[in-house]
Amino acid sequence: MSETTTLLTGKSRAPLGRSRARRAEALGAWTLLAPYTLLFLVGAAIPIGYAFVTALQKAPTPVDPTGGFGGLQSFITVFTDHRFLTTFQNIFVVMIIWLPIMIIGIVGLALLLHASPSRFGGAMRFVYYIPGALGGIANFVLWVYLIDPQRSPIAFLWQGMGASSFKEVITASNMPGILTAMLFFQGVGTWIIVVNGGLNGISEEVMEAARLDGANAWQLAWRIKLPIIRPWIGYAALMNVAYGFQLFLEPYLLRQISSGAISPEWAPTQLGYAFAFTNRDFPAAAAMSIVLLVITLGIGWIIVRKSGMFGEDDKETR
């Protein structure tokens, strides 16, 4: 009878112990998630929700200053604006040129660093990171100096192109090249360090097994390292896509120093700015931000799926 009681007691205690463990695990998970959840609500979810609500309003006019519910009118205003397609054409041209150069540069230099001796590789990581320290306005000031045909150390290039002033350098046709150089120089060093961190996580046993199978340096890079660091490459591409669609500072200030050589609504973010502060149409500006969000999320979803960023490779590659 006592043995039966003991068995029954043991069976009843086991589910109770598992239940407590699950509750403790859930509590720990929510404790770790709480700071991020709060920041996500304040920095993303609430602003996005507010933008949706604002986009569905009607912009006040002298005839009807009260505004009110406007339905999808703000989205119609955005899509029918004559500047809408031009702004996205401009930014897509920049990204078609810049992103491949950026990703190839990041991966190529990270692979070279990983294959280099430790001291040399460490020194070069620091050298590559130096441009990344010149973020934002510091990077812009440096490039203003470089593209000045009268003071730049590469002035002979601009003069060879027949340019003698900012207005002749900063043209609509030159903007993709100028922005590509600015963005590459500013971001490549930081992303080399990120991708190199992924390379450092590759097990030495895997590398040694490949060498024993006769793999040379090129085969190690192409067949071993690249497939393993694909999520890191995808992350770099994802973040650079998001940054590219948010370009505002560079084209805005380039227009200022060139005395209006390019359009004030050169990028989509500038068009949203014009809706808000030139046209006084805040619902249209909110609608423009939502359009940018949807496009960025769509491209980001494709990158996440193809790169296996969350550890789930695409079924087609299995």
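In this text the structure is predicted, and so the values were computed from the model without any measurement. (Residues numbered from 1 in each chain as written. Predicted model: local features only at pLDDT ≥ 70, side-chain atom pairs only at ≥ 80, totals over all residues. Heavy atoms only, no water.)

Participant: Looking at this structure, I do not really get helix α14 (residues 282-307). What am I missing?
Facilitator: With 26 residues, α14 extends 37 Å from end C-alpha to end C-alpha; this agrees with the ideal 38 Å at 1.5 Å per step. The N-capping residue of α14, defined by a side-chain oxygen 3.2 Å from the backbone nitrogen of Ala 284, is Asp 281. Where α14 ends, the next residue or the one after it, Gly 308, has phi of about 65°, a positive value. (Helix = DSSP H or I, 4+ residues; strand = E, 2+ residues; numbered from the N terminus. Expected span 1.5 Å × (residues − 1). Polar contact = N/O pair within 3.5 Å; in protein donor to acceptor, adjacent residues only side chain to side chain.)

Participant: Even after reading the chapter, I still don't get the packing of aromatic side chains, so can you show me in this structure?
Facilitator: Centre-to-centre distance and the angle between the planes together describe a pair of aromatic rings. Applying the stated criterion across every chain, the model contains 13 aromatic pairs. Centroid distance Phe 248 to Tyr 252: 5.3 Å. Interplanar angle 15°. Geometry classified as stacked. Here Tyr 273 and Phe 277 contribute two aromatic rings whose centre-to-centre distance is 4.9 Å and whose plane-to-plane angle is 45°, an arrangement assigned as tilted. You can see Tyr 273 and its partner Phe 277 sitting in helix α13 (residues 268-277), 4 residues apart, about one turn around the helix. With relative accessibility at 39%, the residue Tyr 273 sits in the partly exposed group. Taken together, the ring pairs connect Phe 79, Phe 84, Phe 88, Phe 92 and Phe 245 into an aromatic cluster. The positively charged end of Arg 83 is found above the aromatic ring belonging to Phe 275, 5.7 Å away from the centroid. (Phe/Tyr/Trp six-rings, centres within 6.5 Å; stacked < 30°, edge-to-face > 60°. Buried < 20%, exposed > 50% of the residue type's maximum accessible area, 1.4 Å probe, protein only. Lys NZ or Arg CZ within 6 Å of the ring centre and 35° of its normal.)

Participant: What should I look at first to understand the side chain of Ser 152 in this one?
Facilitator: Note that Ser 152 resides in the loop between α5 (137-146) and α6 (155-160). What makes Ser 152 buried here is its relative accessible area of 7%. The residues touching Ser 152, leaving out its near neighbours within four places in the chain, are Tyr 145, Leu 146, Ile 147 and Trp 158. (Contact = heavy atoms within 4.5 Å.)

Participant: Honestly, the layout of surface pockets in this entry has me stumped. Any pointers?
Facilitator: Rolled over the atoms, a probe sized like a water molecule indicates the empty space that remains. Taken as a whole, the largest pocket holds about 890 Å³ of empty space. Every residue lining the largest pocket is counted, 24 residues in all, and those nearest its centre are Ile 48, Gln 246, Ser 289, Leu 293 and Thr 296. Breaking the lining of the largest pocket down by element, the ones donating at least two residues are α1 (2-55), α11 (230-245) and α14. Among the elements that make up the lining of the largest pocket, the one with the highest residue count is α14 (10 residues). Computed from the structure, the second largest pocket encloses a volume of approximately 350 Å³. If you trace the second largest pocket, you find 18 residues lining it, with Leu 111, Ala 115, Ala 217, Ala 221 and Lys 225 closest to the centre. Those elements that provide at least two residues to the lining of the second largest pocket are α3 (84-114), α8 (175-200), α9 (204-212) and α10 (217-228). Element by element, the count of residues in the lining of the second largest pocket is highest for α10, at 7 residues. (1 Å grid on protein atoms, 1.4 Å probe; cavity = no way out; pocket = protein on both sides within 12 Å on 5 of 7 lines; lining within 4 Å. Points joined across faces, edges and corners; volume = space filled by probe spheres on them.)

Participant: I'm lost on a nonpolar patch on the surface in this one. Help?
Facilitator: A grouping of Trp 30, Leu 33, Tyr 36, Leu 38, Phe 40, Leu 41, Val 42 and Ile 46 is seen on the molecular surface, where their side chains present a nonpolar patch of about 880 Å² in accessible area. Looking at the secondary structure, you find Leu 38 in helix α1. (Patch = residues over 30% accessible without salt bridge, like charges linked within 9 Å, V, L, I, M, F, W, Y side chains within 5 Å. Areas by Shrake-Rupley, 256 points an atom, 1.4 Å probe, with all protein chains shown as cover. Salt bridge = Lys/Arg side-chain N within 4 Å of Asp/Glu carboxyl O.)

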